[in-house]
Amino acid sequence: MQSSGNVGGGRKCFWGFRSLIQRKQVDSVHVRSEGHHQLARKLSVADLIAIGVGATIGAGVYVLVGTVAREHAGPALTISFLIAGIAAALSAFCYAELACRCPSAGSAYHYSYICVGEGVAWLVGWALILEYTIGGAAVARGITPNLALFFGGVDKLPAILAPHTIPMFGIVVDPCAAVLVLIVTFLLCTGIKESSLVQMIVTSVNVSVMLFIMIAGGYLGFKTGWVGYELPSGYFPFGINGMFAGSAVVFFSYIGFDSVTSTVEEVKNPQRDLPLGIGIALFICCILYMFVSFVITGLVPYYALDPDTPISSVFASYGLHWAVYIITTGAITALFASLLGSLLAQPRILMAMARDGLLPSFFSDINKNTQVPVKSTVTTGIFAAVLAFFMDVSQLAGMVSVGTLFAFTTAAVSVLILRYVPPDEVPLSSSLQESIKSVSLRFGPNIQESDSKNLQNPSGSSENNSRYLHEIGEASFGYPLIQKSISQEIHNEQTRRKISAWTITFLCMGVFIFAFAASAQGLSSILRFTVCGVCGALLLCCLIVLTCTDQDDGRHSFGHTGGFTCPFVPFLPAACILINTYLLIDLGAATWIRISVWFAIGAVVYLFYGRSHSSLFNAVYVPSAYADELYRSSSDYLS
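If you look the protein chain up in an unreviewed UniProt entry, it shows as Cationic amino acid transporter C-terminal domain-containing protein from Prunus dulcis. Under the heading Sequence similarities (unreviewed entry), UniProt records this for the protein chain: "Belongs to the amino acid-polyamine-organocation (APC) superfamily. Cationic amino acid transporter (CAT) (TC 2.A.3.3) family." Of the comments in the UniProt record for the protein chain, the one headed Subcellular location (unreviewed entry) reads "Membrane".

The next point concerns the overall build of the protein chain. Within the protein chain, the regular secondary structure consists of 24 helices and 4 strands. Counting all 639 residues of the protein chain, 55% fall into the buried class.

What follows covers the packing of aromatic side chains. All chains considered together, the criterion is met by 28 aromatic pairs. Centroid distance F406 to F599: 6.4 Å. Interplanar angle 70 degrees. Geometry classified as edge-to-face. Taken as a pair, F406 in helix α16 (residues 397-420) and F599 in helix α23 (residues 589-613) lie far apart in primary sequence, 193 residues in all. For the pair F406 and F599, a shared accessibility class is recorded, and that class is buried. Put simply, the rings of F222, W226, Y229, Y235, F236 and F294 touch in pairs and so form one group of aromatic residues.

Our focus in this paragraph is the packing of helix α8 (residues 118-148) against α16. Packed helices, taken two at a time, are described by the angle their axes make and the gap between the axes. Where α8 contacts α16, the axes come no closer than 8 Å and their chain directions differ by 145 degrees. When the axes of α8 and α16 are compared, the crossing they make is left-handed. Judged by residue contacts, V120, L123, V124, A127, L128, L130, E131, I134 and G135 of α8 engage M399, V400, G403, T404, F406, A407 and T410 from α16. In terms of residue class, the contact of α8 with α16 is made up of 11 nonpolar, 4 polar and 1 charged.

Turning to the confidence of the model for the protein chain, a few remarks are in order. Averaged over all residues, the pLDDT of the protein chain equals 84, while 84% of them reach at least 70. A low-confidence stretch, residues 1-15 stays under pLDDT 50, and its non-local contacts, those more than four residues away or across chains, total 27 contacts. The low-confidence segment residues 443-477 (pLDDT under 50) makes 67 contacts with residues lying over four places distant or belonging to another chain.

Before going further, it helps to spend a moment on helix α21 (residues 525-548). Relative to the 34 Å expected for 24 residues at 1.5 Å per residue, α21 spans 34 Å between its end C-alpha atoms, a close match to the ideal helical length. All of the buried residues along α21 are R528, C532, C535, L539, C542, L543 and L546.

Turning next to the packing of α16 against α23. Between α16 and α23, the least distance of the axes is 9 Å, while the angle of their chain directions is 70 degrees. The angle between α16 and α23 places the two elements in the roughly perpendicular class. Pair α16 / α23 crosses with right-handed handedness. Mapping the contact onto sequence places G398, M399, V402 and F406 in α16 and T591, W592, R594, I595 and F599 in α23. Its residues placed into classes, the contact of α16 with α23 shows 6 nonpolar, 2 polar and 1 charged.

Moving on, we come to the pairing of strand β3 (residues 425-428). Burial along β3 is two-sided: E425 and P427 facing one way and V426 and L428 facing the other are all buried. Examined bridge by bridge, β3 and strand β4 (residues 620-623) share 4 bridges and lie antiparallel to one another. Paired with L428 across the bridge in β4 is V620.

Let us look at α8. In this model, α8 (31 residues) spans 46 Å end to end at C-alpha, consistent with the 45 Å of a helix rising 1.5 Å per residue. Among the 31 residues of α8, 25 are classified as buried, and the element is accordingly described as predominantly covered.

A separate point is the environment of F362. Here F362 lies in the loop between α14 (323-355) and α15 (374-390). The class for F362 is partly exposed, based on a relative accessible area of 38%. Through-space distance from the C-alpha of F362 to that of P373 is 9.7 Å; in sequence the pair is 11 residues apart. Apart from residues lying up to four places away in sequence, F362 is in contact with K375 and T379.

On to the nonpolar core. Ranked by internal contacts, the top residues of the largest apolar core, which has 162 residues, are Y62, Y95, I213, I311 and F315. Top contributing element to this core by residue count: α14, with 18 residues. Not counting residues up to four positions away in its chain, the partners in contact with Y95 are S107, A108, Y111, F257, D258, T261, I278, A407, F408 and A411.

Of note, the bond from V569 into P570 is cis; its omega dihedral lies within 30 degrees of zero at 15 degrees. Among the secondary structure elements, P570 is positioned in the loop between α21 and α22 (571-585). In the Ramachandran plot, S107 falls in the positive-phi region, its phi being about 55 degrees despite a non-glycine side chain. For S107, the position within the fold is in helix α7 (residues 107-115). Although it is not a glycine, F568 adopts a positive phi angle of roughly 55 degrees. Structurally, the position occupied by F568 is in the loop between α21 and α22. Classification of F568 as exposed rests on a relative accessible area of 63%.

What counts and how
- Residues numbered from 1 in each chain as written.
- Predicted model: local features only at pLDDT ≥ 70, side-chain atom pairs only at ≥ 80, totals over all residues.
- Heavy atoms only, no water.
- UniProt positions renumbered as here; feature names shortened; annotations may be inferred.
- Helix = DSSP H or I, 4+ residues; strand = E, 2+ residues; numbered from the N terminus.
- Buried < 20%, exposed > 50% of the residue type's maximum accessible area, 1.4 Å probe, protein only.
- Phe/Tyr/Trp six-rings, centres within 6.5 Å; stacked < 30°, edge-to-face > 60°.
- Axes fitted to C-alpha atoms, helices over the stretch in contact; angles between N-to-C directions.
- Left-handed = near helix turned anticlockwise from the far one by under 90°.
- Contact = heavy atoms within 4.5 Å.
- Nonpolar A, V, L, I, M, F, W, Y, C, P; charged D, E, K, R; others polar.
- pLDDT = per-residue confidence, 0-100.
- Expected span 1.5 Å × (residues − 1).
- Parallel < 35°, antiparallel > 145°, perpendicular 65-115°, else oblique.
- Pairing = 2+ DSSP bridges.
- Core = buried A, V, L, I, M, F, W, Y, C linked by side-chain atoms within 4.5 Å.

Printed below as a string of structure tokens:
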């Protein structure tokens, strides 16, 4: 049998590829026994709903309704929010199934590491780090001007909190934003239950303000006759295309619910509570968005809305100047809840990546008293505070969307992989090679030979697994007819997995080319329609093939059984991939140039640290059916 040194030597020739596609095991009792301290399981459904709603509803809704109504949707803004909510629900369904199957911290990074591979997982984790850092700093910067309204303006703020300009560099520093980040960081270090309680309080205040807007605005609307809807241009002044363009813009108002899945290790009953928390939080956000937009666009004509302060200006136009303070309170609490959600999720992403060896173990430490990753939280807080103090990161907001949309896309791809080609081999540490030899000897020399072949290919291919099972059949049965039947069954399963894998690959390629052609305004119309038509036909063929192909029986026992399952597979994940890919490409060249710099930095970190320190660097892969036997043999051997 091959030794670990030979295995490692074989990998040196192809490390550039194999290290990118190696996949880790769903966290199990074997993984948890390796010395990691566990997070405190204290969160209930109510806590998850508060985290989801708080992280999703930022102050954008207090500004976004004016801009989108004036430039894109008009009174049809309500339908735009509904369509965007349905699109966000597609990703929510995928997240819910993955969170139930793989209930460990790390969110989309964790799922993509299990289903896609280490390379994609690293990019997802690296993008999420940027998303939460820039998002938190931008939110903190947005609190200062809203808070200043209660003091009579920015100039009336206490000198220690007021923004100042550094003359030599022209940089506007914001001490108030930095202080708020540090306060939230301290709060997060006290414990997850304490953090969720504060999140629940500020989210309740924000929701109460939005209910006030709906009730008071509805009263004014019925009293004045909803003048915003009595327009000669009708309900769709910009046409159906304008309504869909508005949906693409307001879609980003739903970004944030995925932070719920980052707390999965702290949920009391993740199989039951996580799907409920994600679904109810998204439903509440959609209903609030729709009713607020319905009221505001009905009180005044859409073209009369103030693009900067639409809701406040509407109430002021009806003489309710005192309502401005209530609305500002809602904006402040919304921003504070969003900041709390950003700084809550990022330390858990860092912790998950450090557990896998891709980042230093410093980030994986969990405080024994508070049972939260204090070191990761403090590091995140300090970095975000410095960024909020020195930089106005509003121009980098597009980079925040890249991380979220990339995570949404990989989550949908992971669901397809889990259903059709779930990993059928698990990585084991090279320290278990004595157990591998022991188990191989129990089944005879044929199994040992297969084990040796399997060790030479640690990438986890289905072909080796099928050959492995085929040799088991030869060793276990002496009857030619039974042996032939087993061989044919294994061959059919191997063929099915290959067809499914290639179909999913072509589906993703077709989606990318279709989205790129659809958003490429510089191409001629004939070329765009031709490419879109060909790719559309390819997508349709891929969906037909997947629909006619049986899903893998291994999906029933993959990971943690029970819990939510995503409906309408493969259509729902495919639609999710298409929508998110289109939005990713449509973010613009400037955003992609900036994010490319960040990804280049991440590639350097991975090549010089993450790859060689990965927990899978010296791992060997064996069929899943024999993993438990190997662990038991390892225990017997050690004892």
